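Chain by chain, the residues run as shown.
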Amino acid sequence: DSDNLWWDAFTTEFFEDDATLTLSFCLEDGPKRYTIGRTLIPRYFSTVFEGGVTDLYYILKHSKESYHNSSITVDCDQCTMVTQHGKPMFTKVCTEGRLILEFTFDDLMRIKTWHFTIRQYRELVPRSILAMHAPDPQVLEQLSKNITRMGLTNFTLNYLRLCVILEPMQELMSRHKTYNLGPRDCLKTCLFQKWQRMVAPPAEPTRQITTKRRKRKNSTSSTGNNTNSTYTKKKSPAASLNLSSQVPVPT
C-alpha cells in the first residue's frame, strides 16, 4: 500500500544519488541484462509487490567483503532472494544467484551499484494447499504452473523492458522538468548539445616550455692546469699544517 513518495524515500535512504541496479538472467529467448538508474529504482521495488509479493528478503551465505579507498564491495556467490506470493496463489519463490554490492565508504554507507545475476529459481507450494484442492484436477493443473519467470513476476519483467526505453530518456525528462520545455524543444536541445560535443575539437595539450641549456666549453690543457691549481687550493688546510710550528716542543 506504499505510495511512490515512500519508495523514493526508501531508495534515498539506501542508495546513492548516482546508484545503478543491474539484473542479469536468462529467459527462453536468450540472456537478458537490465540496468536502471537512481530515478527508476524506486519503481522497480514497488513492481515486485504489485505483482502479488507480500514479503521480500535476501539470504547471503559465505559473502566476501573487500575494502577500497572510497568503497566497500560485498560479493556473495550464494545469494537467495526469497519472495512470498499471496496471489495468484500462496507460493514461496527462492531465486538463487550471485549478488555484488558496492557501498560508498562514508557515514551513510549507501549502495552505489547493485548487480544480481540469477542462476536458478524454485517455486514451493505448501502441501496443505495441494491436499485441499486434490479433488479438483483443474486447480491442481493451475497449481503446477509457474507464477514467475526466473523468479521475477510479469509486473517486474514488463517494467524492466519499459526501462530500456525510459533510461535513455532521463536527460529529456530532466530538461523538461528543469526548463519546462516541450518534448520537441527538449529533444532539439539535447541533440544540439550532443552534436556540439561531437564536433568540438579536442583540447590541445599544454606545451612544456623548454629552457635552453648552455653548452660547456671543451677543457683545454691550460684550463686543466688551472683546475689542478684550484683543486690544490681547495684542499683542507689541515693537510698542509705543520704541527711542529704550532706546538712548542719541550727541551
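Everything discussed here concerns the structure shown above.
Only a predicted model underlies this, so the values are computations on that prediction, with no experimental measurement involved. (Residues numbered from 1 in each chain as written. Predicted model: local features only at pLDDT ≥ 70, side-chain atom pairs only at ≥ 80, totals over all residues. Heavy atoms only, no water.)

### Things to note about the overall build of the protein chain
Across its full length, the protein chain carries 9 helices and 7 strands. Looking at the protein chain as a whole, 29% of its 251 residues qualify as buried. Restricting to contacts in the protein chain with at least 6 residues of sequence separation, those with at least 24 account for 55%. Accessible surface, the protein chain as shown: approximately 18800 Å² in total, 55% of it carbon and sulfur. (Helix = DSSP H or I, 4+ residues; strand = E, 2+ residues; numbered from the N terminus. Buried < 20%, exposed > 50% of the residue type's maximum accessible area, 1.4 Å probe, protein only. Contact = heavy atoms within 4.5 Å. Areas by Shrake-Rupley, 256 points an atom, 1.4 Å probe, with all protein chains shown as cover.)

### Some points on the packing of aromatic side chains
Taken as a whole and judged by the stated rule, the model has 13 aromatic pairs. On the basis of an interplanar angle of 5 degrees and a centroid distance of 5.9 Å, the ring pair of tryptophan 6 and phenylalanine 10 is categorised as stacked. Here phenylalanine 10 and tryptophan 6 lie together in helix H1 (residues 4–14), a separation of 4 residues that amounts to about one turn. A relative accessible area of 45% places tryptophan 6 in the partly exposed class. A ring pair is formed by phenylalanine 45 and tryptophan 114, whose centres lie 6.1 Å apart and whose planes are at 85 degrees; its orientation type is edge-to-face. Of this pair, phenylalanine 45 sits in helix H2 (residues 41–50) while tryptophan 114 sits in strand S7 (residues 111–124), and the two are 69 residues apart along the sequence. When its relative accessible area of 9% is taken as the criterion, tryptophan 114 is described as buried. (Phe/Tyr/Trp six-rings, centres within 6.5 Å; stacked < 30°, edge-to-face > 60°.)

### Topic: the packing of H2 against helix H5 (residues 154–166)
In contact at an axis separation of 7 Å, H2 and H5 are set at 150 degrees when each is read in the N-to-C sense. Taken together, the axis directions place H2 and H5 in an arrangement best described as roughly antiparallel. In this structure, H2 uses Arg43, Tyr44, Thr47, Val48 and Glu50 to contact H5, whose residues at the interface are Phe155, Thr156, Tyr159 and Leu160. Partitioning the contact of H2 with H5 into residue classes produces 5 nonpolar, 2 polar and 2 charged. (Axes fitted to C-alpha atoms, helices over the stretch in contact; angles between N-to-C directions. Parallel < 35°, antiparallel > 145°, perpendicular 65-115°, else oblique. Nonpolar A, V, L, I, M, F, W, Y, C, P; charged D, E, K, R; others polar.)

### A short note on the nonpolar core
Grouped together as the largest cluster of nonpolar side chains are 33 residues, with contacts concentrated most on Phe15, Leu21, Phe25, Tyr44, Trp114 and Phe116. Elements that contribute at least two residues to this core include exactly strand S1 (15–27), strand S2 (30–37), H2, strand S3 (53–61), strand S5 (71–85), strand S6 (91–104), S7 and H5. Ranked by residue count, the leading element in this core is S1, at 6 residues. (Core = buried A, V, L, I, M, F, W, Y, C linked by side-chain atoms within 4.5 Å.)

### Thoughts on the pairing of S2
In the case of a regular strand, side chains alternate between the two sheet surfaces. Direction of pairing for S1 relative to S2: antiparallel, over a ladder of 8 bridges. Within S2, the position partnered with phenylalanine 25 by the bridge is lysine 32. Where S1 folds back on S2, the antiparallel hairpin that results is connected by 2 residues. (Pairing = 2+ DSSP bridges.)

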